[in-house]
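An overview of the molecular structure
Take a look at the letters that make up each chain.
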Amino acid sequence: MNELGGAELQATVAGLGIYDGAKYHVEPDCVECVKDLIRFLRRDDENHEVRRAIGELGVVKSDLVYIIRDHANNRELFDVTLRLLVNLTSPELILFKEELPEDK
């Protein structure tokens, strides 16, 4: 992933919100940020660099789980966050069209 794409991804993740140790506080544009992350994944290349970058940022553990837990009553946010979680936790064989990738 190029430097500009990485910065854009980090800014999107930062726009989700913050966990204060007791509750996750979402930013006003959190829903749009989750949708942007889904769009990033749709444009991901065959090396899955966006997926890897999201994993390195720890978005699932630090943001998405807390959003699901603390904001289940916000239907739209819950739905798009769940859609993103399903996408991020797909088995590798589905990502590689049921063929193991070759080492490069």
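Residues numbered from 1 in each chain as written. Predicted model: local features only at pLDDT ≥ 70, side-chain atom pairs only at ≥ 80, totals over all residues. Heavy atoms only, no water.

On to the side chain of T12, then. As for its position among the elements, T12 is in helix α1 (residues 3-14). Polar side-chain contacts of T12 include one of 2.8 Å to the backbone oxygen of E8. Filtering out sequence-adjacent residues up to four positions away, T12 remains in contact with C33, D36, L37 and F40. (Helix = DSSP H or I, 4+ residues; strand = E, 2+ residues; numbered from the N terminus. Polar contact = N/O pair within 3.5 Å; in protein donor to acceptor, adjacent residues only side chain to side chain. Contact = heavy atoms within 4.5 Å.)

Once their charged atoms are close, side chains differing in charge can pair, the charge on each being opposite to the other. Applying the stated criterion across every chain yields a total of five salt bridges. Linking E32 and K35 is a salt bridge whose minimum nitrogen-to-oxygen distance equals 3.8 Å. One end of the pair is E32 and the other is K35, both in helix α2 (residues 30-42) and three residues apart, which spans about a single turn. Taking relative accessible area as the criterion, E32 reaches 39% and is therefore assigned partly exposed. One salt bridge in this structure joins D79 and R75, with 3.8 Å as the shortest N-O distance. Of this pair, D79 and R75 both sit in helix α5 (residues 75-88), four residues apart, which is roughly one turn of that helix. Given a relative accessible area of 33%, D79 falls into the partly exposed group. Ionic contacts of the salt-bridge type, sharing partners, join the residues E32, K35 and E76 into one network. (Salt bridge = Lys/Arg side-chain N within 4 Å of Asp/Glu carboxyl O. Buried < 20%, exposed > 50% of the residue type's maximum accessible area, 1.4 Å probe, protein only.)

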